[in-house]
Amino acid sequence: MDFDTVIEKRRSIRMYKDAVVSDDLVEKVLEAGRLAPSAKNGQPWTFAVLSKEKKDKVAAIMKSYFPEKGMEDFTPRHAVTSKYTARTIQHAPVLILILRKYGEFGELLKYTDLLGIGAAIENMCLKAADLGLGSLWIRDTCYTEEIITNYLGLQGYELVSALALGYAANDPSPVPRKTLDEITLRL
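All residue numbers here refer to positions counted from 1 along the written sequence of the relevant chain. Per-residue local features of the predicted model are confined to residues with pLDDT of at least 70, and side-chain atom pairs are confined, for both listing and counting, to 80 or more; whole-chain, interface and lining totals are unaffected and use all residues. Only hydrogens and water are set aside; all other atoms, that is, all heavy atoms of the structure, feed into the side-chain values.

A word on the environment of Arg100. Only DSSP runs of H or I with at least four residues qualify as helices, and only runs of E with at least two residues qualify as strands; both kinds are numbered from the N terminus onward. Along the polypeptide, Arg100 turns up in strand β2 (residues 94–101). For the exposure calls, accessible area comes from a 1.4 Å probe over protein chains only, and a residue counts as buried if that area is under 20% of its type's maximum, exposed if over 50%, partly exposed in between. The class for Arg100 is buried, based on a relative accessible area of 2%. In sequence terms Arg100 and Gly156 are 56 residues apart; their C-alpha atoms lie 8.7 Å from each other. What qualifies as a polar contact is a pair of N or O atoms within 3.5 Å, subject to a donor-acceptor requirement within protein and to the restriction that residues adjacent in sequence count only when both atoms come from side chains. A distance of 2.8 Å separates a polar atom in the side chain of Arg100 from a polar atom in the side chain of Asp113.

Structure (structure tokens):
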């Protein structure tokens, strides 16, 4: 696909086919993330690739955020999506965790690092679309971040985001976007 088509065709996929994604395709997606720009070439990302039991355990941990029926009433509205995202993770064949190692500069470079990590994730989403794969950029892991990193033995890492990856089981329509005039200030 040409680049403009990749950008136009990329969608947030929440339903996946029951089909294995080859290690070669996963590597290509990771390579796209690795090549992203970052401030002062800090490359603040680490990728953890999960499948099968470990991926499903992450989903179960996310669902555990709602220990009893009716917890939605006591949970911030924006966090309720975590249980639906967990279901998406269960259906996706691959989950890539995007981590940031806690460093000597601590919070000083956090926002700088997050900008670069966002670029890496977008590169990965676009590469997935280019390869005929679907992806979902996930932030709902934040509510159970510590439990997830402890389960995986990733102490010393901040779980910034995750990326579900697989073959799309549907072809969602594009979501409405603001016009260029609505988001551009011409000074």
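That was the structure; now back to the text.
As a further point, take helix α5 (residues 110–130). One less than the residue count of a helix, multiplied by 1.5 Å, gives the span that helix is expected to have. Here α5 is 21 residues long and its end C-alpha atoms lie 30 Å apart, about the 30 Å a rise of 1.5 Å per residue gives. Those residues of α5 that fall on the buried side of the exposure criterion are Lys110, Asp113, Gly116, Ile117, Gly118, Ala120, Ile121, Met124, Cys125, Leu126, Ala128 and Ala129. One or two positions beyond α5, positive phi appears at Gly132, with a value near 85°.

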